[in-house]
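# A look at the structure
The residues making up each chain are set out below.
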Amino acid sequence: MEGQAADGRTPMSLRPMACDQGELHRAAGSARFSHADSAALVAVFGPTSAQKRQEIVNRACIEVVYKPLSAAPGATEKEKESVLRQIVESAVMTHLYPRTVIQVVVQELNNDGSMLAVVVNAVYVALLDAGVPLRHSFVAASVATRLDGTVLLDPTAADEEVCKSSCTFAYRAGSGSDDDQTAGDFALLSSVPGGCEVVGAVGGGAQTDDEYWTALSAGRASARKVFAFVRQHIEHHCARVHS
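## A closer look at unusual backbone geometry
The amide bond that connects Gly46 to the next residue, Pro47, takes the cis arrangement and shows omega of 10 degrees. Backbone geometry places Ala36, a non-glycine residue, at a positive phi of 55 degrees. As for its placement among the helices and strands, Ala36 is situated in the loop between β2 (29-35) and β3 (38-49). Note on Ala36: relative accessible area 36%, which makes it partly exposed. Of note in this structure, Arg99 is not a glycine but carries a positive phi near 60 degrees. Its location among the elements puts Arg99 in the loop between α1 (75-91) and β5 (100-110). Judged by its relative accessible area of 42%, Arg99 falls in the partly exposed class.

Have a look at this one:
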C-alpha cells in the first residue's frame, strides 16, 4: 500500500523490539538489542586502570570499539565510534572513576536498517547491566525522509535505499522544557538553533531545514516508544533476578 514501509508497516510505527542482557559473563555488562532483523550485541568492560595513553587525571576515559558484521572496520565505523563516545560521555558519571577506562565493544549481528539506533539502545542497556552510574537515560531513533518529504520511523535497509535522507538521533529521558516535565519525555543532548538539544546525530542524504525539524520531532515520538519498551524490559529483568 502506498505510504507504507517496505515491510508493510505504517510510516509512524516501529518494528518489533527485543532485548536480552547479561549474556557475556566475562564482561561487566552486556546487552543484545534488536528491531526485527537489525540486531547488535554490546559488551561493557571496566572501569579498569587506564594505560598511560588512556589516562585522564580527573575522569574515566571512554573507549568505543565498533565491529561491523563483515570485513574490517573502516571510516564509517570510526565515525560511529566517535558518535557513540560522545553519547556515552554525556551520560556516564566519568568523574567518579579518574584514571580508569570504560570500554564499550559493539558487534553488529545483522543489519536491516536503522543500525545505529539499535546500537545506541543496546549500549544503554549494557551500561545499566554493568552498573555504570549514569546522569540520565538515553535511547535513539532513526528517521528517514522520503522523496515527497514525508517521514518514516525505524526504516529498513530497503527503505533507506529509496529515501532521500536518513538520520539517527540520540535522546535523553526527562529533560524537556520547564513546562514539559512528563515522565519519559525526551530532548536531544546539546544546544542547536531552534531550542532543541543534540549530542550525537548522524545523517546522510539531502533534506531541507523543515524536513530536518520534522524528522527530529518524529524521532522524539519514536524515542518515547523505545524508552517505554526498555523500561518495561528492565523492570521484568529486575523482577526475575530478585525473585
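## Digging into the side chain of Ser38
Note on placement: Ser38 falls in strand β3. What makes Ser38 buried here is its relative accessible area of 0%. A polar atom in the side chain of Ser38 sits 2.8 Å from the backbone nitrogen of Asp112. Ignoring sequence-local partners within four residues, the contact set of Ser38 consists of Arg15, Phe33, Asn110, Asn111, Asp112, Gly113, Met115 and Val118.

## A closer look at the confidence of the model for the protein
On average, residues of the protein score 87 in pLDDT, and 88% of them reach the 70 mark or higher. Within the protein, β2 carries the highest mean pLDDT (98), whereas strand β9 (residues 186-188) carries the lowest (41). Note on residues 174-196: pLDDT is under 50 here. Beyond four places in sequence and across chains, it has 55 contacts.

## Focus: helix α2 (residues 115-130)
For α2, with 16 residues, the first-to-last C-alpha span of 22 Å sits near the 22 Å given by 1.5 Å per residue. Positioned one or two residues after α2, Gly131 has a phi angle of 75 degrees, which is positive.

## Some details on the sheet that holds β5
Read across the sheet, five strands follow the order β1-β2-β3-β5-β4 without closing on themselves; strand pairing throughout is mixed. On the outer flanks of this sheet lie β1 (17-21) and β4 (61-67), each paired with one strand and no other. When the angles between neighbouring strand axes are averaged without regard to direction, this sheet yields 15 degrees. When β4 meets β5, the two strands line up parallel, connected through seven bridges. Residue pairing across strands places Glu63 opposite Gln103, the latter belonging to β5. Across the sheet, helix α4 (residues 209-241) is in contact with β1 and β2; its angle to β1 comes to roughly 35 degrees.

## Regarding the pattern of salt bridges
For the structure on display, the rule yields nine salt bridges. Across the salt bridge formed by Arg15 and Asp154, the nearest N and O atoms sit 2.9 Å from each other. Placement of Arg15 in the segment before β1 and of Asp154 in the loop between β7 (151-153) and α3 (157-162) is noted, with a sequence separation of 139 residues between them. Residues joined by salt bridges that share partners form a network here, namely Arg15, Asp112 and Asp154.

## Describing the environment of Arg85
Positionally, Arg85 belongs in helix α1. Overall, Arg85 belongs to the partly exposed group, its relative accessible area being 27%. Between the alpha carbons of Arg85 and Gln103 there is a distance of 9.8 Å; along the sequence they are 18 residues apart. Apart from the residues lying within four places of it in its own chain, the contact partners of Arg85 are Ile62 and Val64.

## What about the nonpolar core?
In globular proteins that are soluble, nonpolar side chains generally tend to be buried together. Leu84, Val123 and Leu127 are the most contacted members of the largest nonpolar core, which totals 55 residues. If we ignore the near neighbours within four places in the chain, the residues touching Leu84 are Val64, Tyr66, Val106, Leu116, Val119, Val120 and Val123.

## Things to note about the environment of Phe227
Of note, Phe227 is situated in helix α4. Its relative accessible area of 8% is what places Phe227 among the buried residues. Residues Phe227 and Arg172, 55 residues apart in the sequence, show an inter-C-alpha distance of 9.3 Å.

## A look at the packing of aromatic side chains
Applying the stated criterion to the full structure yields five aromatic pairs. Centroid distance Phe33 to Phe229: 5.8 Å. Interplanar angle 90 degrees. Geometry classified as edge-to-face. A residue pair is termed long-range when its members are at least 10 positions apart, and Phe33 in strand β2 and Phe229 in helix α4 qualify at 196 residues. Seen in terms of ring centroids, Tyr212 and Trp213 are 5.2 Å apart; in terms of plane orientation they differ by 80 degrees. Their pairing is edge-to-face. Look at Tyr212 and you get partly exposed, because its relative accessible area is 23%. By relative accessible area, which is 32% here, Trp213 ends up partly exposed. Taken together, the ring pairs connect Phe169, Tyr171, Tyr212 and Trp213 into an aromatic cluster.

Thresholds, definitions, all that
For every chain, the first residue of its written sequence is number 1, and the numbers climb from 1 along that sequence. Only residues with pLDDT of 70 or above have their local features reported here, since the model is predicted, and side-chain atom pairs are shown and tallied only from 80 upward, although totals for entire chains, interfaces and linings are computed over all residues. Based on all heavy atoms of the structure, the side-chain values leave hydrogens and waters out of the count. Numbered from the N terminus, helices here are DSSP runs of H or I no shorter than four residues, and strands are runs of E no shorter than two. Buried, partly exposed and exposed residues are distinguished by accessible area as a fraction of the type maximum, computed with a 1.4 Å probe on protein chains only: under 20%, between the cut-offs, and over 50%, respectively. Any pair of nitrogen or oxygen atoms within 3.5 Å is treated as a polar contact; in protein, a donor-acceptor pairing is required on top of that, and neighbouring residues in sequence qualify only through side-chain atoms on both sides. A contact between two residues is defined here by any heavy atoms of the two lying within 4.5 Å. Scored between 0 and 100, pLDDT is the confidence that the predictor attaches to each residue. Here a helix's expected span is defined as the number of its residues, less one, multiplied by 1.5 Å. Between any two strands, pairing holds if DSSP finds at least two bridges. Only the contacting stretch of a helix is used when fitting its axis, a line to C-alpha atoms as for every element, and angles between N-to-C directions run 0 to 180 degrees. Salt bridges are defined by distance alone: a side-chain nitrogen of Lys or Arg within 4 Å of a carboxyl oxygen of Asp or Glu. What we call a nonpolar core is a set of buried Ala, Val, Leu, Ile, Met, Phe, Trp, Tyr and Cys residues that are connected through their side-chain atoms within 4.5 Å. Paired rings are identified among Phe, Tyr and Trp, the last through its six-membered ring, by centres lying within 6.5 Å, and are further divided according to the angle between planes into stacked (under 30 degrees), edge-to-face (over 60) and tilted (the rest).

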